[in-house]
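Examination of the molecular architecture
Now for the letters of each chain:
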Amino acid sequence: MQSTYIETQQISFQDFKSSILDDYRLGRISREMSYLGRREVLTGKAKFGIFGDGKELPQLAMAKVFRNGDFRSGYYRDQTFALAIDAVSIESFFAQLYADTSVEREPASAGRQMNGHYATRSLNADGSWKDLTAQKNISSDISPTAGQMPRLLGLAQASKVYKSVKFDGSEKFSKEGNEVAFGTIGDASTAEGHFWETLNAACALQVPMIVSIWDDGYGISVPTQNQRAKADISEMLSGFQRKTDEKQGCEIIQVKAWDYPALMEAYAKAEHFARYESVPVVIHVTEVTQPQGHSTSGSHERYKSEDRLHWESEFDGLIKFKEWILDYSIEIEGNEEYLASVEELDLIDAEAKKLVKDGQKKAWEVYQKTITDIKREALLLIEPLKNQNTEVFNFIENFNKVISVSKKDVFHLIRQTLLSTRAQVSPERNALKAKYEEFLKVEKDNYSSHLYSQSQWKATNVKEIKPIYSESSEEVDGRVVVRNNFDKIFEKYPQALVFGEDAGNIGDVNQGLEGLQEKYGDVRIADTGIREATILGQGIGMAMRGLKPIAEIQYLDYILYCLQGMSDDLATVQYRTRGGQKAPVIIRTRGHRLEGVWHSGSPMAGILNLSKGINILVPRSLTKAAGFYNTMLQSDEPAVIVECLNGYRLKEKQPDNLGEFTIPVGKIEVTKEGKDVTLVTYGSTWRIVSEAAKELEKVGISAEVIDVQSLIPFDLSHEIAESVKKTNRLVVIDEDVEGGTSAFILQQILEKQKAFKFLDSEPLTISSENHRPAYASDGDYFSKPSADDMVEKIYTIFNEINPQKYPAIY
């Protein structure tokens, strides 16, 4: 058996003493940050505060076993840990509290996340990967309770993958797969499904993962016994405890939050199990206190009894740590040695308070300077205008009454002034307008950049390579095209892997991965349990560690299980870190145009609205799907690719350049030219629209058919507007519910592309009924737009224009 951390630490008493006092000092600094942070909020300098006081000791213990290359996926209480691994400083802690938009001063999120949400920067300024094995890593925190858990699974699984997968540059991401993924979660959040799904999957996969549960007995005001079936989470988890010689389950360790030596031993054991045996570990940290309550939004005195409050005061971790230090003595060569005196610890307390106050003051002054600088520049340009306009004089007067000026106040003053002086032409106004545009450009970047990649690897930069066909190109089932393309992908990219329900042994339910597990092994072509949220989480975590994961969700309907993670985590990774992290996972799914309530839904509008930040790609064929996989594997952005479920058995000509040809994102394709009306659609509905267009030709209507292909990004060259300019009529056809994706497409064409000015008729949308299709054999026909529906509704447009030429059908 490998030795534990504690057993291998053969150090002198002086070094031991120094280590203990350094931990005490760091704990006191963190506590003072919590105390002063709360005061800053309550005095109006910051909007909201949530802090890690009470959790200092377990986080110091966790930091002891956290190595370069390791990752943490946690929640908003881990400031002591972040401080201990140098992921946050006093200054950056307060910069985040004030929402400073500087990446240099607030590197976790540049003011985009509330305080307590930590992240290290995985990327260089150009979007390239740093050497993640040379630093300690924190994957960017999110607020949704337990939302950090699915990603944790992927971060841990990456280590297991790297034990057998090597590629050019893999040394930046792993050293022989020896990294551990650390998760943290509040006790009440273990009631969430994401916690159980993640732990279950980790126990099945046997990944190097350590989950710390901070148990303070409450979920805000709701006590533990009202959160779960058992008040003691360790008791609930006892069935997960692994048995001797079994390759399933986890280790469970329970330890008190105020017991410093026991915490050190607990984390040393946990590290051994995870790092050297690849066994997941749960550390249940009990008797955690929360000296200042949940957050600055309320007071814990409202829901905790006097006895509980008294106990928390007595068992505060730092107080117990101080007692332990003062009580500790050891005889060395006949002399009684002590760690510290009361006076020495009091001096550390005072120094910690001063350090924190100095750091806060510096952070506040620098933050305020960014505002006073633009305030000064703006007033210099507005002042000359007040003599020419009395309204401007009043604007300045009111502005000067604002006690705490923000950027918003300065911008409001400038915009009021420009509006009031709109009829005035002068050098002074021109100078103000130019300065406003300069300021606005900076703030747009501060608040709205990096929703998508801004690097050279962004999806729209991937060059189009057209499919090549020859006389020897075979006609095959669509599923064969995508399967053979995947074969080329896994041969070309050793870091690529796919996983999902039935994706491995049987090659997915539609045989799009047939035979690939046998060829590439079960690490790269893997089956999973029925657990969509953590399939997505596996993808996010592994993508954050340099792999190219394809997370398969068996049907489009099932992607609803993933939508929270897609929306709150994956879609926001680049944005919430301002380009500091990325997770270019591809979500593979299939759907459209079949019968059955749970297997034929098209919840595209929900995906579109909730997943801005992810490319949403809707190919009409399996060849197009294959091209999108080839494109996105060259990109550093995430994507959803929806394969047409009814296309696997349809014949397609197989390209000769499998694995190489690419389909550009954000580009439409005109599949049939016409002069009377533009028909816009995507996915499987394209085939039916094409059929309807042929029928329309028979009644004298020439329809241009456009396949959108890429919903996000959408028609970047505005080619649809050019089509409408030619036909003067627009119909959007979709299998989503009314007001769903068709509304999005219409808004893009009419508003963004300004195609409204070319219309001679009212635009029309043709969508599904507002219910899911019935399983009955004709459910698709009567629930979703049929060719007959399309022909009749489009014909009605021309009946209104010229009833003599196009007499009414009914």
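Coordinates for the structure precede this section.
Residues numbered from 1 in each chain as written. Predicted model: local features only at pLDDT ≥ 70, side-chain atom pairs only at ≥ 80, totals over all residues. Heavy atoms only, no water.

So, the packing of helix α1 (residues 13–42) against helix α11 (residues 342–386)
How two helices pack is summed up by the angle between their axes together with the distance between the axes. Direction vectors running N to C along α1 and α11 enclose 45°, while the axes themselves pass 8 Å from each other. With respect to each other, α1 and α11 are oriented oblique. As for how α1 packs across α11, the hand of that crossing is right-handed. For the pair α1 and α11, contact is made by K17, L21, Y24, R25, R28, I29, E32, M33, L36 and E40 and by E344, L345, I348, D349, E351, A352, K353, L355, V356, K357 and Q360, respectively. Looking at side-chain class alone, the contact of α1 with α11 contains ten nonpolar, one polar and ten charged residues. (Axes fitted to C-alpha atoms, helices over the stretch in contact; angles between N-to-C directions. Helix = DSSP H or I, 4+ residues; strand = E, 2+ residues; numbered from the N terminus. Parallel < 35°, antiparallel > 145°, perpendicular 65-115°, else oblique. Left-handed = near helix turned anticlockwise from the far one by under 90°. Contact = heavy atoms within 4.5 Å. Nonpolar A, V, L, I, M, F, W, Y, C, P; charged D, E, K, R; others polar.)

Focus: the nonpolar core
F490, M566 and I745 are the most contacted members of the largest nonpolar core, which totals 114 residues. For this core, the leading source of residues is helix α5 (residues 149–162), giving eight residues. Membership of the second largest hydrophobic core comes to 84 residues, among which are A82, F182, V281 and W364. (Core = buried A, V, L, I, M, F, W, Y, C linked by side-chain atoms within 4.5 Å. Buried < 20%, exposed > 50% of the residue type's maximum accessible area, 1.4 Å probe, protein only.)

Some details on the sheet that holds strand β20 (residues 677–681)
Strand order in the open sheet made by the five strands is β19-β21-β20-β23-β24, with mixed pairing throughout. A strand with exactly one partner marks an edge of an open sheet, and here the two such strands are β19 (669–672) and β24 (764–768). Strand-to-strand twist in this sheet, taken as the mean axis angle between neighbours without regard to direction, amounts to 25°. Where β20 and strand β23 (residues 730–737) come together, three bridges link them in parallel fashion. Each residue of the ladder has a partner; that of L679, found in β23, is V731. Packing of helix α22 (residues 685–698) onto the sheet brings it into contact with β19, β20, β21 (703–707) and β23, and relative to β21 it is tilted by some 170°. The strands touched by helix α26 (residues 787–801) within the sheet are β20, β23 and β24, with β24 carrying the most contacts at an inclination of about 165°. (Pairing = 2+ DSSP bridges.)

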